[in-house]
Amino acid sequence: MPDALAVPSSPPMPDVDAVIVGAGFSGMYMLIQLRELGLSGVVLEAGDDVGGTWHWNRYPGARCDVESLSYSYSFSPELEQHWTWTERYPAQPEILAYARHVADRFDLRRDIRLGTRVTAARYDEASRTWKVSQRPATADGQGGNGGGDGHGNAHGDGHAGGGAITARFLVMATGCLSAAKLPEVPGIASFRGPTYHTAHWPHEGADFTGLRVGIIGTGSSAVQSIPVIARQAAGLTVFQRTPAYSLPARNRPLPASEQGEMKARYREWRTAQRESRAGIPVPMPTQSALEVSATERTARFEQAWDVGGLVNLTASYTDIALDIAANDLAREFIHGKIREIVKDPRTAADLCPEYPYGTKRPCLDTGYYETYNLDHVQLVNLRRTPIEGITAKGIRTSEREHELDAIVFATGFDAMTGALTRVDIRGRDGASLKNAWRAGPRTYLGVACAGFPNLFLITGPGSPSVLTNMLVSIEQHVDWVADAIGHLRAHGLAAIEPTREAQDAWVDHVNELAAQTLFPRGNSWYLGANVPGKPRVFMPYVGGLPAYRAKCDAVASAGYEGFTLTP
Ligand code: NA7
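Values in this document were obtained by computation on a predicted structure and should not be read as measured data.

**Student:** Help me out: how do you make sense of empty space enclosed by the protein in this one?
**Tutor:** Taking a probe equal in size to a water molecule and rolling it over the atoms shows the remaining empty space. Overall, the coordinates contain four cavities of 30 Å³ or more when judged by the stated rule. Quantified by volume, the largest cavity comes out at close to 80 Å³. In terms of lining residues, the largest cavity is bounded by Pro441, Thr443, Pro461, Gly462, Trp506, Val507, Val510, Asn511, Val537, Phe538 and Met539. Residues of the lining of the largest cavity, tallied by class, amount to eight nonpolar, three polar and no charged. Estimates place the volume of the second largest cavity at around 60 Å³.

Here it is as structure tokens:
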């Protein structure tokens, strides 16, 4: 074309305002908020339905250990009045049904592409857009994160055809516990029976009737599934590397009266959730565990044990999470409970954790410790007899080969960072996120990263997320991100990105706060300790939701302090 006729070049319009990766509770709410802003968004989801965590984790006994009435969206009073929960703690099928209901109720599916694996995303400085590469999730190899599971899309929504989408904003709503990991033991492929990962459970379920089952891992997923699998299997061998602290869930049906009461005061409760440290309102302690008599303390711990719930024991006293002497008292109390329940003294001793209570994620159970009293259930302490390999017939430890018909891997996740670094995210000048995080994740507020303009993380590392009721954290993050995007729009700005100084200061702050607690003493996934080679950096912000929210709000009110905004 002759120069005289050249049209002045302006950057091409992106396909959509935002690409959201993941159709769990974060991604769905982000889409709702984008639409509120009058913006267009597309949600790319590897699974064949919405629900995220609750789509994938279908293992026997899978249940949330935050109560139903609290583990739900608060943004829609109509939704919370409409929905009925059946139990104190919601089981996976019920949470999934809730997620599906939300997708339908708010007509989200038209902007959700299921069965779509995002493989890479690259920021283009000239056009200030992200180019997001995707392909059908059915092409996932075995052992991938959320690999294709052979189930068709029941809803007929748009499936991926591959290719790329351009967008002004990229929102990673990929979850904190979504990149499943297998145990690092040789020979997994040589086992001749079926194997299952708790986070990739077959939709049709698994029948263990009459089988000798082995399960590796004793985190939340194992603690929930072991009692259920034990009821079916002819034999169950639990391979434990680190014992969990588990408290009774005290799950029960939720009577209509209790639900009605909550529905009458839901607004008040939602405010209390937001104002609580972990998104779970509990009376705040005022005393040290060390300043009360042993009788009073035991009575208080007994009460927490009887009530059940994740936070009650820690919230008994001010210093359980801070002072090792106080923590020891909680630890000894739980050891006493384990010894009371588990009849075989050696098994009981092996089940008693030595690390400080709460420094690894505690579990809630229904009959977990009791299960070890069954004749056909045995515990193998891997600290004493480590796994040497998986064989055609079962699992071989340093002591002997355990012959098995099926193996369950309840071996957890590459938490908080895995789902992000498994996507090849490239920011300014092609810099890779994985590389930028090689010494540990670096974010500002857990929500954005220097060098990655217009990239938002929902509940990312450096935010309180995994230490809280996720739904409360998700809503706070999404609301904040939506406000930030709205701000850019209102001021005719094209890009937002944290400064390195603000990010460095935030990372230092997160580390300093963690160092004041006992958290770094547990070899937890909070620290990356469960993934060989992962940097040992404490990833969540431990300062609690109110302080975190206040900081995020102050940053926004000051015109996005610590961020660079560009036209
Ligand atoms: P978790 O809590 O990370 O538990 C995984 C378990 O698997 C844990 O006991 C691990 O022991 C064990 N594990 C991991 N790798 C190995 C190998 N290689 N050998 C032996 N044992 C191993 O995951 P969950 O799915 O149970 O729960 C995840 C979260 O969901 C939970 O925290 C709640 O937030 C809900 P380790 O402790 O690393 O020694």
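**Student:** How should I be thinking about the state of the cysteines in this particular structure?
**Tutor:** Disulfide: a covalent bond connecting the sulfur atoms of a pair of cysteines. Applying the stated criterion across every chain, the model contains zero disulfides. Of all cysteine sulfurs in the structure, the one in Cys363 sits closest to Cys352, which takes part in no disulfide; the separation is 14 Å. Just so you know, Cys552 is unpaired, no disulfide at all, and the nearest cysteine sulfur is the one on Cys449, 14 Å from it. The exposure class of Cys552 is buried, given its relative accessible area of 2%.

**Student:** Even after reading the chapter, I still don't get unusual backbone geometry, so can you show me in this structure?
**Tutor:** Leaving glycine out, the prevailing phi sign among residues is negative, and the prevailing peptide bond configuration is trans. Its identity is not glycine, yet Arg128 carries a phi of approximately 50 degrees, on the positive side. Counting through the fold element by element, Arg128 comes out in the loop between β4 (116-124) and β5 (129-136). Despite not being glycine, Asp429 shows a phi value in the positive range, around 60 degrees. Among the secondary structure elements, Asp429 is positioned in the loop between β17 (424-426) and α13 (433-436). Relative accessible area serves as the criterion here: at 77%, Asp429 is assigned to the exposed category.

**Student:** Before we go on, may I ask you to explain the nonpolar core in this structure?
**Tutor:** If you look at soluble globular proteins, the nonpolar side chains tend to sit buried side by side. One finds Phe25, Met30, Phe208, Leu445 and Trp480 to be the most contacted residues of the largest nonpolar core, which totals 131 residues. Per element, the largest residue contribution to this core is ten residues, and it comes from helix α14 (residues 470-490). Among all residues touching Trp480, those that are not within four sequence positions of it are Leu445, Val447, Cys552, Asp553, Val555, Ala556, Tyr560 and Phe563. Residues Val19, Leu170, Leu420 and Cys449 belong to the second largest nonpolar core, which totals 24 residues.

**Student:** What's the story with the sheet that holds strand β12 (residues 377-381) in this structure? I'm lost.
**Tutor:** One open sheet accounts for five strands, arranged β7-β16-β8-β9-β12; its pairing is parallel. Every other strand in the sheet has two partners, leaving β7 (195-197) and β12 as the edge strands with one partner each. In this sheet, neighbouring strand axes are inclined to one another by 20 degrees on average, regardless of whether the strands run parallel or antiparallel. Bridge count for β7 against strand β16 (residues 406-409) is three bridges, and the pairing is parallel. Bridge pairing in β16 links His197 to Phe409. Strands in contact with helix α5 (residues 220-232) are β8 (212-216), β9 (235-240), β12 and β16; relative to β8, the strand with the most contacts, it is inclined by about 175 degrees.

**Student:** Quick question: what am I supposed to make of the packing of α14 against helix α16 (residues 545-557) here?
**Tutor:** Packed helix pairs are characterised by how far apart their axes lie and by the angle those axes make with each other. Where α14 meets α16, the axes come as close as 11 Å, and the angle between the chain directions of the two elements is 5 degrees. The pairing of α14 with α16 is recorded here as roughly parallel in orientation. In contact with Val472, Ser473, Gln476, His477 and Trp480 of α14, α16 contributes Leu545, Tyr548, Arg549, Cys552, Asp553, Val555 and Ala556.

Rules of the game
Residues numbered from 1 in each chain as written. Predicted model: local features only at pLDDT ≥ 70, side-chain atom pairs only at ≥ 80, totals over all residues. Heavy atoms only, no water. 1 Å grid on protein atoms, 1.4 Å probe; cavity = no way out; pocket = protein on both sides within 12 Å on 5 of 7 lines; lining within 4 Å. Points joined across faces, edges and corners; volume = space filled by probe spheres on them. Nonpolar A, V, L, I, M, F, W, Y, C, P; charged D, E, K, R; others polar. Disulfide = S-S within 2.5 Å. Buried < 20%, exposed > 50% of the residue type's maximum accessible area, 1.4 Å probe, protein only. Helix = DSSP H or I, 4+ residues; strand = E, 2+ residues; numbered from the N terminus. Core = buried A, V, L, I, M, F, W, Y, C linked by side-chain atoms within 4.5 Å. Contact = heavy atoms within 4.5 Å. Pairing = 2+ DSSP bridges. Axes fitted to C-alpha atoms, helices over the stretch in contact; angles between N-to-C directions. Parallel < 35°, antiparallel > 145°, perpendicular 65-115°, else oblique.

Function cannot be read off these values alone, since they describe shape.
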